[in-house]
Amino acid sequence: MLVVARTLEEGRLRGPVARALSGVWSFAAERTVVRPLPLPPRVQVVAVGGATLGGSGKTPLAIACARELALRGARVALVGHAYRARPGWPRLVEAGDARAQVGDEALLAARSLQGCGARVVVAPRRAQAVALAATLADVLVLDGVLQTAPVRASLSLLAVDAVAPWGSGSVPPCGDLRADVGALLGACDAVVPVGERGDLHDLATGAHHDSRGVWLEGALLSWEAVRGSRLGLASALARPERVLRFLARRGVHPVVVVRAADHGRMSARALAAHDERLDLWLATPKCALHLPGPVRAPLATVDHALVLSAVIRARLAVLAARAALLDPRGRQQ
């Protein structure tokens, strides 16, 4: 899986067979960019999709949108997709749930949104999750759906990496682009570059990373406090090099990187092989969910939040105000 992911990211396959298969993928992908999904008539819907097969920042963007809407007084539910999980039935996701039941991204969302009032919902089928979420909220945030049909989402956001927005530039097997650029742009209302401030060409429409340091045993350590330590990075992300870039901007350079497939379980043997030479393991909160168990070197999780631009916040404010005009039965107040 790691070899396949790297091949797609780097766009290594360029022969006639690969190009023919990419043509088939493009045709099929255009039919999935807009998803048939019944939407309850009274709710506002924010759809958040990613441009590439992992690594665009769509889930952090969806979480940031849900938090912003909740802080503006809206009743919000984030609809997760329970990737590689078996939720069994439509259910709310709680911070203590098992990853195998609700999925790593939904669990991360539930933990990130604790205290702000937003709920997280998953189900075996997304339509079931939407139906449950609509009984709990007036605004739904769909993680992993770019556009809906026959009724379009109230707001569709396309998350792209600020440095490489279109990945390797081609769809599989020639690259890692989810669909042709034209199809993606035609389905969304706004493109949201996700990255560091210095990488964002347009701060007005982007979303930038914010981090105060790392969490170790309940304490927040500044980046200055961990610089110079012998650090290892444990990654179960599609784009670990983007985490390395994030760390390098803060003066932190891991001496070891242990990588699993996107959403995959980390190898206990691979981690143990480096334990004795490290002062600290680093992992994102999502990657920490995939660790096989305790590690000898202490584990610190990266403190991370996504800061939305004023333009995106303003568009979300309009949706929150629109939702406030409707009572729970869908009649105008």
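Above this note sits the structure.
Here is what the cut-offs are and how they apply
Residues numbered from 1 in each chain as written. Predicted model: local features only at pLDDT ≥ 70, side-chain atom pairs only at ≥ 80, totals over all residues. Heavy atoms only, no water. Helix = DSSP H or I, 4+ residues; strand = E, 2+ residues; numbered from the N terminus. Rg over C-alpha atoms; globule rule 2.2 N^0.38 Å. Buried < 20%, exposed > 50% of the residue type's maximum accessible area, 1.4 Å probe, protein only. Contact = heavy atoms within 4.5 Å. Salt bridge = Lys/Arg side-chain N within 4 Å of Asp/Glu carboxyl O. Polar contact = N/O pair within 3.5 Å; in protein donor to acceptor, adjacent residues only side chain to side chain.

**Student:** So what exactly am I meant to see when it comes to the overall build of the protein here?
**Tutor:** Looking only at helices and strands, one finds 12 helices and 17 strands in the protein. For the protein, whose C-alpha radius of gyration is 20 Å, the value lies close to the compact-globule estimate of 20 Å for 333 residues. Summarising its shape, the C-alpha atoms of the protein cover approximately 65 × 55 × 40 Å along the three principal directions. Sorting the 333 residues of the protein into buried and exposed places 51% on the buried side. Taking the intrachain contacts of the protein between residues at least 6 apart in sequence as the baseline, contacts between residues at least 24 apart amount to 71%.

**Student:** Just to check I follow, could you spell out the pattern of salt bridges for this structure?
**Tutor:** Side chains carrying opposite charge are able to pair once their charged atoms draw close together. Across all of its chains, the model carries 16 salt bridges by this definition. For glutamate 196, the salt bridge identified is with arginine 250, shortest N-O distance 3.1 Å. Highlighted residues: glutamate 196 in the loop between β9 (190-195) and β10 (207-210) and arginine 250 in the loop between α9 (240-248) and β14 (256-259), separated in sequence by 54 residues. By relative accessible area, which is 11% here, glutamate 196 ends up buried. What emerges from the salt-bridge pattern is a single network uniting Lys58, Glu105, Asp143 and Lys286.

**Student:** Sorry if this is basic, but what is going on with the side chain of serine 56 here?
**Tutor:** Along the chain, the position of serine 56 falls in the loop between β2 (44-50) and α3 (58-71). At a separation of 3.2 Å, a polar atom in the side chain of serine 56 contacts the main-chain amide nitrogen of alanine 51. Among the polar contacts listed, one links the side chain of serine 56 to the side chain of threonine 52, at a separation of 2.8 Å.

**Student:** I'm lost on the side chain of aspartate 199 in this one. Help?
**Tutor:** Along the chain, aspartate 199 falls in the loop between β9 and β10. Aspartate 199 sits in the buried class, given a relative accessible area of 14%. The contacts of aspartate 199, once residues within four sequence positions are left out, are Ala162, Val163, Arg245 and Arg249.

**Student:** For this particular structure, what's the right way to read unusual backbone geometry?
**Tutor:** A negative phi angle is the norm for most residues apart from glycine, just as the trans form is the norm for most peptide bonds. Geometrically, the link from alanine 149 to proline 150 is a cis peptide bond, its omega value of 5 degrees lying close to zero. On the secondary structure map, proline 150 appears in the loop between β7 (147-149) and β8 (155-161). Positioned with a positive phi, arginine 84 is a non-glycine residue whose angle comes to about 60 degrees. Examined against the element boundaries, arginine 84 turns out to sit in the loop between β3 (76-79) and β4 (91-92). Judged by relative accessible area, arginine 84 falls into the partly exposed class, the value being 47%. Even without being a glycine, glutamate 217 presents a positive backbone phi close to 50 degrees. Relative to the helices and strands, glutamate 217 is located in the loop between β11 (214-216) and β12 (219-221).

**Student:** Hey, could you run me through the environment of arginine 249 in this one?
**Tutor:** Inspection of the secondary structure assignment puts arginine 249 in the loop between α9 and β14. For arginine 249, a relative accessible area of 43% corresponds to the partly exposed category. Spatially, the C-alpha atoms of arginine 249 and glycine 198 are 10.0 Å apart, while their sequence positions differ by 51 residues. Not counting chain neighbours up to four residues away, the residues in contact with arginine 249 comprise Glu196 and Asp199.

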